Amino acid sequence: MPQIKLTVNELSGIIAPMTILNLHLDSFPQETDSQIVTASSLQLSLPQPPKRFFRHGWQSWTLTTWLDPSEPPCPISAPKFRQKDEDPVYALTKNHVSAWVGAVELNDDDILLLGALDLSGRVELDGTTLKAFYEDEHESQWVIIRGKEDDVFAKYTALLETKFGKTRYEKAPRVWCSWYSLYKWINEHVVTNALHAIGDLPFDVFQLDDGWQITHGDWEPTKKFPSGMAELANKIKATGRTAGLWLAPFMVTKLSSIFRDHPDWLLRDEHGKPVPVGLTWEGVPYALDVSHPEVLEWLDKLIQKVRGWGYDYLKLDFLYAGAAPGKHYKDIPREVAYRNAMQVMRKAAGDAYILACGAPIVPTLGLCDGIRVGPDVSPYWLNNALSVWLNNPNDPCTQNSIRTSFHRLWLKSIVNIDPDVMFLRSKHNALKPDEQQLLLDLGTISGFKATSDLPQWMNRQNLDSLRQFLETDVKIQKISRYKYQINDREVDFSSVMPLSEHRHVPVWLAQNIGFLKIARHQVLPAILESLKHNNKKMWIFYPLATSISTFSTMLNSL
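The following refers to the structure shown. None of the values given here were measured: they were computed from a predicted structure.

**Quick notes on unusual backbone geometry**
Backbone phi values are negative for most residues with the exception of glycine, while trans is the configuration of most peptide bonds.
Here is step 1 of the chain: Despite not being glycine, Asp109 shows a phi value in the positive range, around 55°.
Here is step 2 of the chain: Note that Asp109 resides in the loop between strand S10 (101-107) and strand S11 (110-116).
Here is step 3 of the chain: The exposure class assigned to Asp109 is partly exposed, which follows from its relative accessible area of 39%.
Here is step 4 of the chain: Even without being glycine, Asn487 reaches a positive phi, approximately 55°.
Here is step 5 of the chain: Inspection of the secondary structure puts Asn487 in the loop between strand S28 (483-486) and strand S29 (489-492).
Here is step 6 of the chain: Take Asn487: its relative accessible area is 38%, and that puts it in the partly exposed class.

So, in structure tokens, the structure goes:
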């Protein structure tokens with residue numbers, strides 16, 4: 001094995017450079033100790049297999065949790081979900097691979113953390129060896145920290161802040177978002193009705209989500225918004241709230257003018273084909289090559305246009321598409337290309353609040369104000385067909401969201417962490433009271449308070465609970481890894497954490513059954529609500545047509 005050049009720095013000073021082949025656990029005594037190591041790759045030998053391995057997911061939705069090292073990775077069965085929910089480069093590895101930071105539990109509250117202080121870092125657990133490497137093979141810094149769990153993650157977070165920066169907001173805004181009630185089936189009238197219906201509920205932001213645009217890539221309103229986006233922003237601001245808007249700037253559909261008129265803007269694979277970014281509500285979109293100067297110019301103009309309409313809160317979604325593997329216009333690492341593109345949008349957005357979603361975590365730090373830290377929630381606990389049968393712990397549902405979001409609470413000191421919306425409504429809600437409460441408690445601990453609940457789906461008790469959730473500050477104390485005390489009440493999240501045992505079910509069967517659950521609990525209520533609030537007859541047929549189109553696209557892509 002070739003020797004690795006290492007420069008070892010203590011946090012308090014610098015040690016003379018040395019060249020070594022391996023690092024050994026004996027170098028790091030049990031009491032809190034930290035070293036910074038400069039290398040393109042390194043190996044850290046452990047005396048025995050660790051009790052647990054902390055696996056950090058690549059982007060917002062990717063599984064983050066403490067794993068049993070004796071259990072090998074079990075990849076997602078459906079390739080199009082792997083493209084969307086995992087880092088495609090490492091989706092089929094034989095060992096557990098963690099993005100930027102990995103940690104092992106040696107004994108009770110004796111944690112050894114190995115974390116990258118630059119882009120493209122990965123940490124792999126191979127038996128009794130931690131292997132760290134930069135995937136583009138550049139030489140940069142790693143930090144090795146040993147101590148108590150909260151202490152080692154706090155030290156790593158402080159170093160990330162020094163390297164990448166932090167949010168400008170100590171406290172996240174309180175957000176009403178259209179997605180988790182109305183999904184794609186929104187129009188000007190149903191959105192305006194929701195704005196009036198929430199009355200004086202203390203939301204700081206009213207955010208319009210997916211469904212307003214012609215298609216991904218053509219960011220202009222459809223005929224469902226005849227007054228235009230600027231007029232809607234004015235209506236929102238007239239209520240004293242910030243106007244928010246959803247965009248997915250790094251991906252385009254085949255129906256978009258970009259796909260048709262600018263094929264050179266698309267990211268290509270080694271065969272010259274456009275790179276797909278996984279199965280979405282729009283079918284299977286494709287990634288833009290964010291290293292292309294014309295794409296960067298287009299992104300700048302897009303964000304400036306939206307800001308000109310009056311939207312000061314931007315939810316930027318499916319951002320992982322900007323860091324997808326492929327052949328770039330410029331020969332630069334994919335996470336460098338991604339961060340460069342994020343910097344362009346950050347500058348264009350000015351003082352607007354940016355919520356990054358579906359985002360590679362570390363490359364986004366310092367360029368967003370809030371970041372989604374788990375999969376989307378749903379008005380049910382678990383979609384067994386998509387999560388268990390397909391072995392996809394990143395699938396949008398409440399249990400998966402709580403599990404991954406909880407394991408990213410350590411990021412709270414440098415960015416507003418968004419575990420997604422809370423469900424307090426009694427109508428169109430299949431969550432049990434204890435499940436609903438766990439989600440609400442996580443929202444309280446994270447400090448990011450948001451919902452999509454429509455007042456007409458809530459009774460008086462629901463509305464009172466929502467107001468209390470939005471207005472009340474509570475005392476929060478951590479007791480142990482999975483236990484917190486909220487005021488005088490103890491909350492235990494440990495029941496959420498176990499991963500379900502994989503079942504071998506045909507992909508086509510699991511996906512069809514899973515989509516039926518989505519249709520029942522999410523699509524149908526949204527369509528019915530939209531139909532109630534159409535003031536033009538042509539709009540009556542639009543949600544039905546789009547729902548059939550969306551699901552036929554999803555089924556055809558199996």
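**Overview of the nonpolar core**
Here is step 1 of the chain: Core analysis: the largest hydrophobic core is formed by 176 residues, its most contacted members being Tyr156, Trp212, Phe250, Tyr311 and Phe493.
Here is step 2 of the chain: Residues in contact with Tyr156, not counting those within four places in the same chain, are Trp100, Val101, Leu113, Gly115, Ala116, Leu117, Val143, Ile145 and Trp410.

**Some remarks on the sheet that holds strand S27 (residues 476-480)**
Strand pairing within a sheet occurs via backbone hydrogen bonds; the two strands may be parallel or antiparallel.
Here is step 1 of the chain: The 3 strands lie next to each other as S27-S28-S29, forming an open sheet whose pairing is antiparallel. A single partner strand is all that each edge strand has here, and the edge strands are S27 and S29. Across the sheet, the mean angle from the axis of one strand to that of its neighbour is 25°, orientation sign disregarded.
Here is step 2 of the chain: As paired strands, S27 and S28 are joined by 4 bridges and run antiparallel to one another. Looking at the pairing, Ile476 lines up with Ile486 of S28.
Here is step 3 of the chain: Where helix H12 (residues 433-446) meets the sheet, its contacts fall on S27, S28 and S29, and the angle it forms with S29 comes to roughly 105°.

**A short note on a nonpolar patch on the surface**
Here is step 1 of the chain: Nonpolar side chains collect at one region of the surface, where Trp508, Leu509 and Ile513 lie side by side and expose about 290 Å² of accessible area between them.
Here is step 2 of the chain: Topologically, Ile513 is positioned in helix H14 (residues 507-532).

**Focus on helix H8 (residues 334-349)**
Here is step 1 of the chain: When the terminal C-alpha atoms of H8 are compared, their 23 Å separation across 16 residues agrees well with the 22 Å that a helix rising 1.5 Å per residue should span.
Here is step 2 of the chain: Residues of H8 that are buried: Arg334, Glu335, Ala337, Tyr338, Arg339, Ala341, Met342, Met345, Arg346, Ala348 and Ala349.
Here is step 3 of the chain: Where H8 is buried, its residues meet strand S12 (121-126), helix H2 (149-164), helix H7 (293-309), strand S22 (313-316), strand S23 (353-356) and helix H9 (361-364).
Here is step 4 of the chain: Just beyond H8, the residue with positive phi is Gly350, at close to 60°.

**A look at the pairing of strand S16 (residues 205-208)**
Here is step 1 of the chain: Neither face of S16 is exposed, since Val205 and Gln207 on one face and Phe206 and Leu208 on the opposite face are all buried.
Here is step 2 of the chain: Bridge analysis of S16 against strand S19 (residues 242-247) gives 4 bridges, and the strand direction is parallel. Paired with Phe206 across the strands is Ala243, a residue of S19.

**Concerning the pattern of salt bridges**
Here is step 1 of the chain: Per the counting criterion, the structure on display carries 35 salt bridges.
Here is step 2 of the chain: Between Glu135 and Arg334 there is a salt bridge; the shortest N-O distance is 2.7 Å. Of this pair, Glu135 sits in the loop between strand S13 (129-134) and strand S14 (140-147) while Arg334 is found in helix H8, placing the two residues 199 residues apart along the sequence.
Here is step 3 of the chain: A relative accessible area of 8% means that Arg334 is categorised as buried.
Here is step 4 of the chain: Of the charged contacts in the structure, one is a salt bridge between Asp453 and Arg425, with a shortest N-O distance of 3.3 Å. Of this pair, Asp453 sits in the loop between strand S26 (450-451) and helix H13 (460-471) while Arg425 is found in the loop between strand S25 (416-418) and H12, placing the two residues 28 residues apart along the sequence. In this pair, the class of Asp453 matches that of Arg425, namely buried.
Here is step 5 of the chain: Among the charged side chains, a salt-bridge network with shared partners connects Asp87, Arg122, Glu135, Arg334 and Glu335.

**Description of the packing of aromatic side chains**
Here is step 1 of the chain: In total, this model carries 26 aromatic pairs according to the counting rule given.
Here is step 2 of the chain: Taken together, the ring pairs connect Phe54, Trp66, Phe153, Tyr156 and Trp410 into an aromatic cluster.
Here is step 3 of the chain: Note that Arg122 overlies the ring of Trp100, its terminal NZ or CZ placed 5.3 Å from the centroid.
Here is step 4 of the chain: The positively charged end of Lys449 is found above the aromatic ring belonging to Phe469, 5.4 Å away from the centroid.

**Overview of the environment of Phe133**
Here is step 1 of the chain: Within the secondary structure, Phe133 sits in strand S13.
Here is step 2 of the chain: For the pair Phe133 and Ala116, spaced 17 residues apart in sequence, the C-alpha to C-alpha distance is 8.6 Å.
Here is step 3 of the chain: Setting aside anything within four residues of it in sequence, one finds Phe133 in contact with Ser40, Ser41, Tyr90, Ser120, Gly121, Arg122, Glu124 and Trp142.

Parameters and conventions
- Residues numbered from 1 in each chain as written.
- Predicted model: local features only at pLDDT ≥ 70, side-chain atom pairs only at ≥ 80, totals over all residues.
- Heavy atoms only, no water.
- Helix = DSSP H or I, 4+ residues; strand = E, 2+ residues; numbered from the N terminus.
- Buried < 20%, exposed > 50% of the residue type's maximum accessible area, 1.4 Å probe, protein only.
- Core = buried A, V, L, I, M, F, W, Y, C linked by side-chain atoms within 4.5 Å.
- Contact = heavy atoms within 4.5 Å.
- Pairing = 2+ DSSP bridges.
- Axes fitted to C-alpha atoms, helices over the stretch in contact; angles between N-to-C directions.
- Patch = residues over 30% accessible without salt bridge, like charges linked within 9 Å, V, L, I, M, F, W, Y side chains within 5 Å.
- Areas by Shrake-Rupley, 256 points an atom, 1.4 Å probe, with all protein chains shown as cover.
- Salt bridge = Lys/Arg side-chain N within 4 Å of Asp/Glu carboxyl O.
- Expected span 1.5 Å × (residues − 1).
- Phe/Tyr/Trp six-rings, centres within 6.5 Å; stacked < 30°, edge-to-face > 60°.
- Lys NZ or Arg CZ within 6 Å of the ring centre and 35° of its normal.

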